[in-house]
Amino acid sequence: MKVCRSKRGFSLVEIMIVVGIFGLLAALGIPNMLKAGNRTRSIRFVKDIQTASHAFIGYSIETGSYPSDKTPGIIPTDMAPYLTELAWTEKTTIGGKWDWDYRVFGVIAAVSVTDPKWDEDLMTEIDDVLDDGNLSTGEFRKRSGGYMYIIE
């Protein structure tokens, strides 16, 4: 007498193989998605810091001087109409706050980000896009408590 078994489901081995394949795909895909997300945020940050520097340059051209230094996250006096394309009082795309530096850190004028959440390797990648890839030289530099994009 023959016993017929009906195959209505998957065996444990088949399920484990499928789970293993999904795990392998996730292990390969997730780092790439994180890297793409960081790249998007860094491009946005570069655009934002350039927009802010152009706003301060425009203000300087129109008034003949730069606004006075302010604490991070505070819009400098009379700059609100110039910073309409940038959420100055909110966190940057890389974390931290926007800051206007006037006659501090050894420069006349710079747009800065204070306490960004990114490590120095990621900030060096931003420096590659903005400048020379060296956070000690050029227009984009490391400063006490953050990074600055030097205008003058």
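Scoring rules and cut-offs
- Residues numbered from 1 in each chain as written.
- Predicted model: local features only at pLDDT ≥ 70, side-chain atom pairs only at ≥ 80, totals over all residues.
- Heavy atoms only, no water.
- Helix = DSSP H or I, 4+ residues; strand = E, 2+ residues; numbered from the N terminus.
- Buried < 20%, exposed > 50% of the residue type's maximum accessible area, 1.4 Å probe, protein only.
- Contact = heavy atoms within 4.5 Å.
- Expected span 1.5 Å × (residues − 1).
- Axes fitted to C-alpha atoms, helices over the stretch in contact; angles between N-to-C directions.
- Parallel < 35°, antiparallel > 145°, perpendicular 65-115°, else oblique.
- Left-handed = near helix turned anticlockwise from the far one by under 90°.
- Nonpolar A, V, L, I, M, F, W, Y, C, P; charged D, E, K, R; others polar.
- Pairing = 2+ DSSP bridges.
- Salt bridge = Lys/Arg side-chain N within 4 Å of Asp/Glu carboxyl O.

**Brief notes about the side chain of S60**
- Looking at where S60 falls in the secondary structure, it is placed in helix α1 (residues 12–63).
- Residue S60 is classed as buried on the basis of its relative accessible area, which comes to 16%.
- Beyond its immediate stretch of four places on either side in the chain, S60 contacts S65 and Y66.

**A few points about α1**
- Here α1 spans 75 Å end to end across 52 residues, near enough to the 76 Å set by a 1.5 Å rise per residue.
- Of all the residues in α1, the buried ones are G37, S42, F45, V46, D48, I49, A52, S53, A55, F56, Y59 and S60.
- Taken from the residues just after α1, G64 is the one with a positive phi, measuring 90°.

**Some remarks on the packing of α1 against helix α2 (residues 120–130)**
- Look at α1 against α2: their axes get within 10 Å of each other, and the N-to-C directions meet at 50°. Comparing the axis directions of α1 and α2 gives the class oblique. Crossing handedness for the pair α1 and α2: right-handed. Where α1 abuts α2, its residues N38, R39, S42, F45, V46, I49 and Q50 lie against L122, I126, V129 and L130.
- Grouping the constituent residues of the contact of α1 with α2 by class yields seven nonpolar, three polar and one charged.

**Details of the sheet that holds strand β3 (residues 140–143)**
- Read across the sheet, four strands follow the order β1-β2-β4-β3 without closing on themselves; strand pairing throughout is antiparallel. What marks the edges here is a single partner per strand, and that holds for β1 (97–104) and β3. Across this sheet, the average inter-strand angle for adjacent strands is 30°, counted without regard to direction.
- The strands touched by α1 within the sheet are β1, β2 (107–114), β3 and β4 (146–150), with β2 carrying the most contacts at an inclination of about 145°.
- Docked against the sheet, α2 engages β3 and β4, running at close to 150° with respect to β3.

**Quick look at the pattern of salt bridges**
- Considering all chains together, one arrives at four salt bridges under this definition.
- Linking R44 and D48 is a salt bridge whose minimum nitrogen-to-oxygen distance equals 3.0 Å. Of the two residues, R44 and D48 both sit in helix α1, four residues apart, roughly one turn of that helix.
- The exposure class assigned to D48 is buried, which follows from its relative accessible area of 6%.
- Taking the shortest distance from any N to any O, the salt bridge between E120 and K142 comes out at 2.9 Å. Here E120 is found in helix α2, whereas its partner K142 is found in strand β3, with 22 residues between them in sequence.
- For E120, a relative accessible area of 40% corresponds to the partly exposed category.
- Taken together, the shared-partner salt bridges in this structure form one network comprising D99, D101 and R143.

**A short note on the environment of V129**
- By secondary structure assignment, the location of V129 is in helix α2.
- Each C-alpha atom, one on V129 and one on V46, is 7.7 Å from the other, the two residues being 83 residues apart in sequence.
- Non-local contacts of V129, meaning those with residues more than four positions away in its chain, are made with R39 and V46.

**Things to note about the environment of F56**
- Its location among the elements puts F56 in helix α1.
- Measuring from C-alpha to C-alpha, the distance between F56 and P67 comes to 8.2 Å, with eleven residues separating the pair along the chain.
- Beyond its immediate sequence surroundings of up to four residues, F56 is in contact with Y66, P67, P76, M79, L83, W88, W100, V111 and I151.

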